[in-house]
Amino acid sequence: MSEKNNVISPELWAPLEQEEKNAEKMERPSLTFLQDGWRRLKSNKIAILSLIVIALITIGAIFIPMFWKYDYKTQNLELANIPDVMKVYPLDNGKNIYVTPQYTVVVVDKKGNLEGLAEVKNKDVNGKKNFFTVGNSEICVDYSGYSDASKEYKKLEKESSKKRFRYSSDQRN
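Residues numbered from 1 in each chain as written. Predicted model: local features only at pLDDT ≥ 70, side-chain atom pairs only at ≥ 80, totals over all residues. Heavy atoms only, no water.

Peer 1: Even after reading the chapter, I still don't get the overall build of the protein chain, so can you show me in this structure?
Peer 2: Per the secondary structure count, the protein chain includes five helices and seven strands. Starting at the N terminus and ending at the C terminus, the protein chain contains elements arranged as α-α-α-α-β-β-β-β-β-β-β-α. Long-range contacts, defined here as pairs at least 24 residues apart, represent 23% of the contacts in the protein chain between residues at least 6 apart. For the protein chain, the exposed area adds up to about 15900 Å²; of that, 57% sits on carbon and sulfur atoms. (Helix = DSSP H or I, 4+ residues; strand = E, 2+ residues; numbered from the N terminus. Contact = heavy atoms within 4.5 Å. Areas by Shrake-Rupley, 256 points an atom, 1.4 Å probe, with all protein chains shown as cover.)

Structure representation (structure tokens):
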């Protein structure tokens, strides 16, 4: 490189004119990060609406449980898997019962409120019957018919799978 490029000309060291000094002057005061963010948020209507929704959800999550009549401590976990809609059977004493898929009995009042599980009197596993007491009534849930039908279904499935196996092995030969 030549010596000419490394030398700074004296004209570059001349003082600036007053107009050139004001060219980089700020017209308004600078904003902090928070002030700038708040200004941008206020100009976006969807962002303000979203902020209001988030604030309402947060306030609701804090204060609604204080005024709610139910709390987490009074749960009856024995009734946790009861469906929303159920087929109930009326009893003579004015109560209704619901038989669960596990062959237990749930007592339901006339309004549809769950009262709890019926008292188990006896479980005959061999005879496939459960006996319950609801008030003065005794109830027998007999699921032997279902068990027999289930056995018959499994037997038919086994026979059909054997036929399919024989049919597929005959085709190979």
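Peer 1: Looking at this structure, I do not really get the confidence of the model for the protein chain. What am I missing?
Peer 2: Close inspection of predicted coordinates is inappropriate in any region flagged by low pLDDT. Of the residues in the protein chain, 89% reach a pLDDT of 70 or more, and the chain-wide mean stands at 83. Across the protein chain, element-level confidence peaks in helix α4 (residues 45-67) with a mean pLDDT of 95 and bottoms out in helix α1 (residues 3-6) with 67. (pLDDT = per-residue confidence, 0-100.)

Peer 1: How do you make sense of the pairing of strand β2 (residues 96-99) when you look at a structure like this?
Peer 2: Along any regular strand, the residues point their side chains to alternate faces of the sheet. In this sheet, β2 lies alongside strand β1 (residues 89-90) in antiparallel orientation, the contact comprising two bridges. The residue of β2 that forms the bridge with Pro90 is Asn96. Following β1, the chain reverses through five residues before pairing antiparallel with β2; Gly94 in that reversal takes a positive phi of roughly 90°. Strand direction decides the pairing type here: β2 and strand β3 (residues 105-108), joined by four bridges, are antiparallel. Opposite Ile97, over in β3, you have Val107 as the bridge partner. (Pairing = 2+ DSSP bridges.)

Peer 1: Please explain the packing of aromatic side chains as it appears in this structure.
Peer 2: The geometry of an aromatic ring pair is captured by two quantities: the separation of the ring centres and the angle between the planes. Within the structure shown, the criterion is met by one aromatic pair. An angle of 10° between the planes, with centres 4.3 Å apart, marks the rings of Tyr103 and Tyr143 as stacked. Linking Tyr103 in the loop between β2 and β3 with Tyr143 in the loop between β7 (137-142) and α5 (144-172), this pair joins segments that are 40 residues apart in sequence. What makes Tyr103 partly exposed here is its relative accessible area of 22%. We classify Tyr143 as buried; its relative accessible area is 16%. (Phe/Tyr/Trp six-rings, centres within 6.5 Å; stacked < 30°, edge-to-face > 60°. Buried < 20%, exposed > 50% of the residue type's maximum accessible area, 1.4 Å probe, protein only.)

Peer 1: Just checking my understanding: could you explain the sheet that holds β1 for this structure?
Peer 2: One key point about sheets: their strands pair by backbone hydrogen bonds, in either a parallel or an antiparallel sense. Spatially, β1-β2-β3-β4 is the arrangement adopted by the four strands of the open sheet, whose pairing is antiparallel. Bordering the open sheet on either side are β1 and β4 (114-117), each of which pairs with just one other strand.

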